[in-house]
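Structural overview
Residues per chain are reported as follows:
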Amino acid sequence: VQLQASGGGLVQAGGSLRLSCAVSGRSFGRVLMGWFRQAPGKEREFVAAIRWTAGNTYYADSVKGRFTISRDSAKNTVYLQMNSLKPEDTAVYYCVADSTYSPGRYSYPRDYHSWGQGTLVTVSS
């Protein structure tokens, strides 16, 4: 699959942004989809994931209660609604996808075969 992320930008702390990830290509390649982020000088970290058909969602503790991942099957798009943003949320956000799902395997970069180009989110204090 091909992934095109968008929606990043500059926002003040406490504000909101919604990231979108348009999915193209074979549908079997998007069984599991998610978002990772990478801040300057830090390792890439898991943010959220969703099983496309079942709709189960998973979140990193750092974003639980503030971020919501969802998908629109008609538009072949995955969203990440980010509320109550903090300066520490500043990072490049990557949309990811994989053609398989195994219980408990969704929070490591190796769990995903397809990666989008990233979109920058900057949260000012």
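Heads up: the structure comes first, above all this text.
Worth saying up front: this structure is predicted, and the values here are computed from it rather than measured.

Cut-offs used in this document
- Residues numbered from 1 in each chain as written.
- Predicted model: local features only at pLDDT ≥ 70, side-chain atom pairs only at ≥ 80, totals over all residues.
- Heavy atoms only, no water.
- Helix = DSSP H or I, 4+ residues; strand = E, 2+ residues; numbered from the N terminus.
- Contact = heavy atoms within 4.5 Å.
- Disulfide = S-S within 2.5 Å.
- Buried < 20%, exposed > 50% of the residue type's maximum accessible area, 1.4 Å probe, protein only.
- Pairing = 2+ DSSP bridges.
- Axes fitted to C-alpha atoms, helices over the stretch in contact; angles between N-to-C directions.
- Core = buried A, V, L, I, M, F, W, Y, C linked by side-chain atoms within 4.5 Å.

**So, the side chain of Arg66**
- Relative to the assigned elements, Arg66 resides in the loop between strand S6 (57-59) and strand S7 (67-72).
- Not counting chain neighbours up to four residues away, the residues in contact with Arg66 comprise Gln81, Met82, Asn83, Ser84, Leu85, Lys86 and Asp89.

**A short note on the state of the cysteines**
- Following the criterion strictly, the structure yields 1 disulfide and no others.
- A sulfur-sulfur distance of 2.0 Å marks the disulfide that ties Cys21 to Cys95. As the torsion about the S-S bond is roughly -85°, the Cys21-Cys95 disulfide counts as left-handed. Within this pair, whereas Cys21 is found in strand S3 (residues 17-24), its partner Cys95 is found in strand S9 (residues 91-98), the two being separated by 74 residues in sequence. For the pair shown, Cys21 and Cys95 are each scored as buried.

**Observations regarding the sheet that holds S7**
- With antiparallel pairing, the 4 strands of this open sheet are ordered in space as S1-S3-S8-S7. Whereas interior strands pair on both sides, the edge strands pair on one side only; in this sheet they are strand S1 (2-6) and S7. Adjacent strand axes in the sheet meet at a mean angle of 15°, parallel and antiparallel pairs treated alike.
- Both S1 and S3 contribute to a ladder of 5 bridges, which runs antiparallel.

**A look at the nonpolar core**
- The biggest cluster of nonpolar side chains holds 35 residues, and the ones touching the most others in it are Met33, Trp35, Val47, Phe67, Leu80, Met82 and Tyr93.
- Among the secondary structure elements, those contributing two or more residues to this core are S1, S3, strand S4 (32-38), strand S5 (45-51), S7, strand S8 (77-82), S9 and strand S11 (119-124).
- With near-sequence residues (within four places) excluded, Leu80 lies in contact with Leu17, Arg18, Leu19, Trp35, Val47, Ala48, Phe67, Thr68, Ile69 and Tyr93.

**Things to note about unusual backbone geometry**
- At Asn76, a position not held by glycine, the phi torsion is positive, near 50°.
- Along the chain, Asn76 falls in the loop between S7 and S8.
- Accessibility expressed as a relative area gives 28% for Asn76, which makes it partly exposed.
- Unusually for a residue other than glycine, Ser84 sits at a positive phi of about 50°.
- Position of Ser84 among the secondary structure elements: in the loop between S8 and S9.
- For Ser84, a relative accessible area of 41% gives the class partly exposed.

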